[in-house]
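Fold and geometry: a report
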Amino acid sequence: MATETDPTARPAGVLHQLYTGTGAFDIVGKRSRWYIALGLLVLVCIGAMGVKGFNLGIDFEGGTKLQMPAVGAQGPISENQVRDAYRDALGHPPETVQIAGTGKTQSIQIRSETLSPAEVSQVKQSIFEQVKPLGDNGTPSANAVSDSAVSGTWGGEITQQALLALGVFLVLVTIFLAFYFEKWMAVAALVALLHDVVVTAGLYSLIGFEVTPSTVIGLLTILGFSLYDTVVVFDKVKENTRGLLGLTRRTYPEAANLAVNQTLMRSINTSIIALLPVLGLLVVGAGMLGVGVLRDLALVQLVGMLAGVISSIYLATPLLVDLKMREPKYRDHAAKVRQRREKAATATKAADEPEEPVAADD
């Protein structure tokens, strides 16, 4: 069995380094590459939002929504059958046709631009003639297809209220962080928070996910998770740097990097535990129920939580270090630490050099 002094002992693995948190991962020291990577990601997301825009749902743009059972007189009804029936009635396909629910509660939802009563009647008649959906009594019925008009003003009101809530949240968070920690920690946390919002919104635009009021609400829920992870790291940074200027053991960047390493395993574990139920919600919402609030909430939470984990580790603390090192007292302290280490290295080198032999008198 290898001992601590055994030269054949294998070096500690990555998992051991994660668990012990001894500062083996130089995250702060390599912050330039993280800035470049995250900066490119943010630029891509901003470009996607500016060029592609968002795939706004019917709640934002308004339109007509039709719903019908997924079973007809000849068996299950496919999305293509419904799409063809709609095209035959109006000459163009609907915006979306989706199957929602499972088992006996399964239904088909059709979303399109705003239709007139005559157009709605034509679509219903065409669907009835081609797929014959079953009504409540188990017989084909044209009344099995229900319709509703959706106004785009409701989605706009939800977005307006969400933006107002976001503004209030950011103000309160800034005040809390500035008093509990310090101003630079508040600035770094808000930048990381802004990164999470931009990346989440940008990925929605880039991939083309549909934006619904549930998406906007879900975006607000990820802010707390992102901030929690950042605050945990900052609390450890505050602990490691308490009384730092009176010592010359390590610099502020080194103490901050140690704090990131000490909380890295906790951040990973917390993120995994938080993402598991979100993944389950996404599977239930998308796989079993097909569409709806569950899928929209889970999707935005999944993307936002992943962005929050990345920003809390690779952006918030490195940015805090750069902001702190702008202050002369921390730059002077870093210089003192280097001077002490140079003196210690010189003394060690001198002690290790062998003494020159003294020549014997003839």
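Before reading on, note that the structure itself is shown above.
Residues numbered from 1 in each chain as written. Predicted model: local features only at pLDDT ≥ 70, side-chain atom pairs only at ≥ 80, totals over all residues. Heavy atoms only, no water.

Brief notes about the pattern of salt bridges
Note the following rule: Here, a salt bridge means any side-chain nitrogen of Lys or Arg that lies within 4 Å of a carboxyl oxygen of Asp or Glu. Working definition: helices are DSSP H or I runs of at least four residues, strands are E runs of at least two. Numbering for both runs from the N terminus.
By the definition in use, this model includes six salt bridges. Notably, a salt bridge pairs aspartate 147 with lysine 124, separated by 2.7 Å at the nearest N-O pair. Of this pair, aspartate 147 sits in strand β7 (residues 146-150) while lysine 124 is found in helix α5 (residues 117-131), placing the two residues 23 residues apart along the sequence.

Here's the deal with the pairing of strand β2 (residues 63-69)
Cut-off, in case you're wondering: Strands are treated as partners if at least two bridges between them are detected by DSSP.
Two elements, β2 and β7, share five bridges in a ladder whose sense is antiparallel. Of the residues in β7, the one forming a bridge with glycine 63 is valine 150. In the sheet, β2 pairs with strand β6 (residues 107-112) via six bridges, with the strands oriented antiparallel. Note that in β6 the partner of proline 69 across the bridge is serine 107.

Overview of the packing of helix α2 (residues 31-51) against helix α7 (residues 183-207)
When two helices pack together, their arrangement is given by the angle between the helix axes and by the axis-to-axis distance. Stated precisely, the cut-off is as follows: A fitted line through C-alpha atoms serves as each axis, taken over the contacting stretch for helices, and the angle formed by two N-to-C directions is quoted from 0 to 180°. Any angle that is under 35 degrees is reported as roughly parallel, and any over 145 degrees as roughly antiparallel; angles of 65 to 115 degrees are reported as roughly perpendicular and all others as oblique. Handedness of a crossing is defined here by the sense of rotation of the near helix relative to the far one, left-handed for an anticlockwise turn of less than a right angle and right-handed for a clockwise turn. Contact criterion: two residues are considered in contact whenever any of their non-hydrogen atoms come within 4.5 Å of each other. Gly counts as polar in this scheme, as do all residues outside two lists: the nonpolar Ala, Val, Leu, Ile, Met, Phe, Trp, Tyr, Cys and Pro, and the charged Asp, Glu, Lys and Arg.
Running from N to C, α2 and α7 cross one another at 50°; their axes reach a closest spacing of 8 Å. It follows that α2 is oblique to α7 by the angle criterion. The interaxial crossing formed by α2 with α7 has left-handed handedness. When α2 is examined against α7, the residues Leu38, Leu41, Val42, Val44, Cys45, Ile46, Ala48 and Met49 are found in contact with a partner set consisting of His195, Val198, Val199, Ala201, Gly202, Leu203, Ser205 and Leu206. Tallied by class, the residues present in the contact of α2 with α7 amount to 13 nonpolar, three polar and no charged.

Brief notes about the nonpolar core
Which entries qualify depends on this criterion: Put simply, a nonpolar core is a bunch of buried Ala, Val, Leu, Ile, Met, Phe, Trp, Tyr and Cys residues held in one set by side-chain atoms that sit within 4.5 Å of each other. The buried label applies to any residue whose accessible area, calculated with a 1.4 Å probe on protein chains only, is under 20% of its type's maximum; exposed applies above 50%, and partly exposed to all values in between.
In terms of nonpolar packing, the biggest core is built from 49 residues, with Leu177, Met185, Phe234, Val237, Tyr252 and Leu320 touching the most fellow members. Only α6 (152-180), α7, α8 (213-240), α9 (252-288), α10 (293-324) and α11 (328-352) provide two or more residues apiece to this core. Ranked by residue count, the leading element in this core is α10, at 13 residues. Excluding residues within four positions of it along the chain, leucine 177 makes contact with Glu182, Met185, Ala186, Ala189, Leu227 and Val231. Core analysis: the second largest hydrophobic core is formed by 18 residues, Met68, Ile77, Val82 and Leu90 among them.

Some thoughts on the pairing of β6
Each regular strand carries side chains that alternate between the two faces of the sheet. Extensive coverage of β6 is indicated by the burial of six of its six residues. With burial as the criterion, each face of β6 is covered, one bearing Ser107, Gln109 and Arg111 and the other bearing Ile108, Ile110 and Ser112.

Considerations on the packing of helix α4 (residues 79-90) against α5
Axis separation between α4 and α5 bottoms out at 8 Å; the angle between their running directions is 135°. The pairing of α4 with α5 is recorded here as oblique in orientation. Read as a crossing pair, α4 and α5 show a hand that is right-handed. Of the residues in α5, those in contact with Gln81, Val82, Asp84, Ala85, Tyr86, Asp88, Ala89 and Leu90 of α4 are Glu119, Gln122, Val123, Ser126, Ile127, Gln130 and Val131. Within the contact of α4 with α5, the residues separate by chemical class into eight nonpolar, four polar and three charged.

Quick word on the environment of leucine 219
Relative to the helices and strands, leucine 219 is located in helix α8. Assessed through its relative accessible area of 22%, leucine 219 is described here as partly exposed. Apart from residues no more than four positions distant in its own chain, leucine 219 is found in contact with Val197, Thr200 and Val300.

Digging into α5
Selection rule: The span you would expect from a helix comes to 1.5 Å times its residue count less one. Note: the arc covers the axis-to-C-beta directions of the helix.
Here α5 is 15 residues long and its end C-alpha atoms lie 21 Å apart, about the 21 Å a rise of 1.5 Å per residue gives. Residues Val120, Val123, Ser126, Ile127 and Val131 constitute the buried set of α5. Down the axis of α5, the sector holding all buried residues measures 130°, keeping them to one side. Phi turns positive one or two residues past the end of α5, at lysine 132, with a value near 50°.

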